[in-house]
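So you can see what is in the structure, the chains are spelled out below.
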Amino acid sequence: MRFGVFLLLALAAQPALAQTQAQQDAPPAPEDETTAYCLGVNRQLAERFRQMQLWGCGKAAAMQWCRDARASAPEAMRARERLVIRFANELTRKGLLDVERPAEARGRLTQIVADGSTDAARCFNPDGDRDEPACERLQRCVEAEKRVGQ
């Protein structure tokens, strides 16, 4: 009798386990790819704002822009860090950052995050040369930032 109940419970749980495995093997949805991309973008921008706080601007009147940028950098950095946390939480909640996911799926997501960081670095590079296609790709994050909240 007990064996029959155990067998019945095991058979009832089988579809749920199969569905969970199928979800883990499925590639990220386009919305999740955008979330991962924006995670990388905001991680890079938070680091840029952290570096701005270290600028030595001098006292010359012509350097007022530098002093203003340095003064606003801490709050801008905190805002980007909050977005990083929100994007990471969204991916975690969906199970996309789980260690149990196949290595190929995790690698794909990691590459998307790296692409976001690279595009942000190319758009806002220290030399002032903007990579316009990279800047265009960053526009995807406007809606994603609204979705996760600022």
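Here's a quick rundown of the structure. All values derive from a computational prediction rather than experimental measurement.

Moving on: the state of the cysteines. Tallied over the entire structure, the rule returns three disulfides. The disulfide partner of Cys123 is Cys135, and the gap between their sulfur atoms is 1.9 Å. Taking the sign of the S-S torsion, about 110° here, the bridge from Cys123 to Cys135 comes out right-handed. Residue Cys123 is located in helix α4 (residues 103-123), and its partner Cys135 is located in helix α5 (residues 132-138); the two are separated by twelve residues in the primary sequence. In the protein chain, the bonded cysteines, numbered by position in the sequence, are linked as 1-6, 2-3, 4-5.

As a further point, take the packing of aromatic side chains. A full pass over the atoms with the stated rule returns one aromatic pair. Look at Trp55 and Trp65: their rings are 6.1 Å apart centre to centre, the planes differ by 70°, and that puts the pair in the edge-to-face class. Placement of Trp55 in the loop between α2 (30-52) and α3 (64-93) and of Trp65 in helix α3 is noted, with a sequence separation of ten residues between them. Residue class for Trp65 comes out exposed when judged on its relative accessible area of 52%.

Take the pattern of salt bridges next. Side chains that differ in charge, positive against negative, can pair when their charged atoms come close. Applying the stated criterion to the full structure yields twelve salt bridges. Where Asp32 meets Lys94, a salt bridge forms, and the shortest distance between an N and an O atom there is 2.7 Å. Placement of the pair is Asp32 in helix α2 and Lys94 in the loop between α3 and α4, with a sequence separation of 62 residues. According to the relative accessible area criterion, Asp32 is buried, its value standing at 8%. Judged by its relative accessible area of 40%, Lys94 is partly exposed. Beyond isolated ion pairs, a larger network of salt bridges with shared partners links Glu31, Asp32, Glu90, Lys94 and Arg147.

The interhelical angle for the contact between α2 and helix α6 (residues 140-148), taken along N-to-C directions, is 100°, at an axis separation of 9 Å. Classified by the angle their axes make, α2 and α6 are roughly perpendicular. On α6, the residues touching Glu31, Thr34, Thr35, Tyr37, Cys38, Val41 and Asn42 of α2 are Arg140, Cys141, Ala144, Glu145 and Arg147. Taken together, the residues that form the contact of α2 with α6 break down as five nonpolar, three polar and four charged.

Calculation criteria
- Residues numbered from 1 in each chain as written.
- Predicted model: local features only at pLDDT ≥ 70, side-chain atom pairs only at ≥ 80, totals over all residues.
- Heavy atoms only, no water.
- Disulfide = S-S within 2.5 Å.
- Helix = DSSP H or I, 4+ residues; strand = E, 2+ residues; numbered from the N terminus.
- Phe/Tyr/Trp six-rings, centres within 6.5 Å; stacked < 30°, edge-to-face > 60°.
- Buried < 20%, exposed > 50% of the residue type's maximum accessible area, 1.4 Å probe, protein only.
- Salt bridge = Lys/Arg side-chain N within 4 Å of Asp/Glu carboxyl O.
- Axes fitted to C-alpha atoms, helices over the stretch in contact; angles between N-to-C directions.
- Parallel < 35°, antiparallel > 145°, perpendicular 65-115°, else oblique.
- Contact = heavy atoms within 4.5 Å.
- Nonpolar A, V, L, I, M, F, W, Y, C, P; charged D, E, K, R; others polar.

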